[in-house]
Each structure stands twice: as structure tokens, then as C-alpha cells.
Amino acid sequence: MLGIIGGSGLTQLANLDVSHREVVRTPYGEPSGPLTFGRIGCQDVVFVARHGYGHTIPPHLVNYRANIHALETSGVTQIVSVASVGGIRGDLGPGALVVPHQIIDYTWGREMTFQSGGDGPVIHVDFTDPYDAAVRQLLLDVSRRIGEDVIDGAVYATTQGPRLETAAEIDRLQRDGADIVGMTGMPEAGLARELDMPYAALCVVSNWAAGR
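Quantities reported herein were computed from a predicted structural model and do not represent experimental measurements.

(A) Region of the structure containing helix α1 (residues 64–73). α1 sits mainly inside the fold: eight of its ten residues count as buried. Within α1, the full set of buried residues consists of Tyr 64, Arg 65, Ala 66, Asn 67, Ile 68, His 69, Ala 70 and Leu 71. The secondary structure elements touched by the buried residues of α1 are β1 (2–6), β3 (35–40), β4 (43–49), β5 (78–87) and α4 (188–194). Positive phi shows up at Gly 75, right after α1, with a value of about 95°.

This is how it looks when you write it as C-alpha cells:
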């Protein structure tokens, strides 16, 4: 079953044939909202709006652990994250679709692991390639099949938010190798990896980053 996490501007899927909604409780608190179950064509889908269905949860207060855990316990076997980002690289202007391949994490203070200590041996997950290759390729193939231009590969810088970045901060991110900037890429991707759930992102460039 496919899990879809909707970001800014995507609080529902217009083509989702909804079967039911379910409030899911987790050991980590409540997800951003009820999970919406349904089908798109022949694909079973579970959808959750990352920022809540009224877009009321800022990026630094999203309960990422609860969202990922709720999807996993609901039978989801792979996750597609949809996110709005700012473009840093010259070919990533507003309107571009991009499937990133790497992440740099600049966030702080977020609950970023399921490992709270004392409940078993520490596990160091391999995060060399933070996005699942098969799910990335699926996003690329489907986008091209329906005639959407999609860019393969970008480094996603995840900043703390909720404020936008300064021009100097964007200059720094670019020097670090970042191509796009958003506020929700982590710890979401890392948590999915901890639960061994294939995860990839489809990013919509909504604006140029500060100073670009």
C-alpha cells in the first residue's frame, strides 16, 4: 500500500476515491490528522496532510514520528512525500518538479529518532542514500509517462523554519552543495529509514530562495 504525505498546498487528493478516515493513536502521540484511506485507480493509498488538514501545524512542530509510525502500522509499504521548496540552483525555478537524491539536515530540537534508549540495542541505520532508489525511479517514470517535466536529482537542504531564510543563509546552503531548500525533509526521511520503509520525495519549486 502506498502512503502519501502531503505538504503545503496539498491537504487532500482530488482524485482519491475515499473509503474511510481513521484516527490513529501511536506511542509517539497523534499524527497531524486522521489518515485518509482510499484508491487512486487500482492503487490502495493512505494519505495524511503533514501540516494538518487546515494547515495549522508549523514545520518544526509536525509530529513526524507519529505520522511515519501511523502509516507503518496501517499497512503502508512505501511512502511518497510531496513538499514545496525554494529553488537555489539556476534550473530549479518556480514551477519545476524535482525528485531529490540527497539531503543536508540543518534542523535542531526535533524528535528525530524512534530510538529513545533503554528499549534495546542502538541501531545505526545506513543513510548514505536517504531516498529509496526504486520509489525515486517510480516517481520519475510516472511523471514522464503523463508528460510532466521532472528533474532527476537535487540536494534538499532542510532548514528549521517556520521563518524563511536570509539571502546570506541561502548563499551558505549553496556553498554547502544544496540545490533546493525546504523545512520538512528531515527528520521524516530518517524516520522512514529507521522503520525500513521505502521513501522518496516529489518536490514542487514554489519560489526562488531568498536572494535568487
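Having seen the structure, we can now continue with the description.
(B) View of unusual backbone geometry. Residue Pro 162 follows Gly 161 across a cis peptide bond; omega there is 0°. With respect to the helices and strands, the residue Pro 162 is situated in the loop between β9 (155–158) and α3 (167–176). The omega torsion of the bond from Met 186 to Pro 187 falls at 10°, within 30 degrees of zero and hence cis. By the element assignment, Pro 187 lies in the loop between β10 (180–182) and α4.

(C) Up close: empty space enclosed by the protein. Counted under the stated rule, the structure contains one cavity of 30 Å³ or more. Here the largest cavity defines a volume of roughly 40 Å³. Around the largest cavity, the lining residues are Arg 50, Ser 81, Ala 83, Tyr 131, Tyr 156, Thr 184, Gly 185, Glu 188, Tyr 199 and Ala 201. Looking at the lining of the largest cavity, the elements with two or more residues in it are β5 and β11 (199–208). Residues that form the lining of the largest cavity fall into these classes: five nonpolar, three polar and two charged.

(D) Spotlight on the nonpolar core. In terms of nonpolar packing, the biggest core is built from 49 residues, with Leu 35, Ile 68, Leu 71, Ile 79, Ile 180 and Cys 203 touching the most fellow members. Among the elements that take part in this core, β11 stands out by supplying six residues, more than any other. Excluding residues within four positions of it along the chain, Ile 79 makes contact with Gly 3, Ile 5, Ile 68, Leu 71, Val 135, Met 197, Pro 198, Tyr 199 and Ala 200. Counting residues in hydrophobic clusters, the runner-up holds eight residues, among them Tyr 106, Ala 157, Leu 173 and Ala 178.

(E) Local environment of the pattern of salt bridges. On inspection of all chains with the given rule, the structure shows ten salt bridges. Asp 179 is the salt-bridge partner of Arg 89, the closest N and O atoms lying 3.5 Å from each other. With Arg 89 in the loop between β5 and β6 (97–99) and Asp 179 in the loop between α3 and β10, this pair connects stretches of sequence that are 90 residues apart. We classify Arg 89 as partly exposed; its relative accessible area is 26%. Relative accessible area serves as the criterion here: at 11%, Asp 179 is assigned to the buried category. Taking the shortest distance from any N to any O, the salt bridge between Asp 152 and Arg 136 comes out at 2.6 Å. Residue Asp 152 is found in strand β8 (residues 151–152), and its partner Arg 136 is found in helix α2 (residues 133–145); the two are separated by 16 residues along the sequence. The exposure class assigned to Arg 136 is buried, which follows from its relative accessible area of 12%. One network of salt bridges, in which partners are shared, links Arg 89, Asp 91 and Asp 179.

(F) Main features of the pairing of strand β2 (residues 17–22). Burial analysis of β2 places just zero of its six residues in the buried class, a small minority of the element. Sheet topology places β2 next to β3; five bridges connect them, and they run antiparallel. Each bridged residue has a counterpart across the sheet, and for Glu 22 the counterpart in β3 is Leu 35.

About the criteria used
Residues numbered from 1 in each chain as written. Predicted model: local features only at pLDDT ≥ 70, side-chain atom pairs only at ≥ 80, totals over all residues. Heavy atoms only, no water. Buried < 20%, exposed > 50% of the residue type's maximum accessible area, 1.4 Å probe, protein only. Helix = DSSP H or I, 4+ residues; strand = E, 2+ residues; numbered from the N terminus. Contact = heavy atoms within 4.5 Å. 1 Å grid on protein atoms, 1.4 Å probe; cavity = no way out; pocket = protein on both sides within 12 Å on 5 of 7 lines; lining within 4 Å. Points joined across faces, edges and corners; volume = space filled by probe spheres on them. Nonpolar A, V, L, I, M, F, W, Y, C, P; charged D, E, K, R; others polar. Core = buried A, V, L, I, M, F, W, Y, C linked by side-chain atoms within 4.5 Å. Salt bridge = Lys/Arg side-chain N within 4 Å of Asp/Glu carboxyl O. Pairing = 2+ DSSP bridges.

Just distances and angles here, no functional claims.
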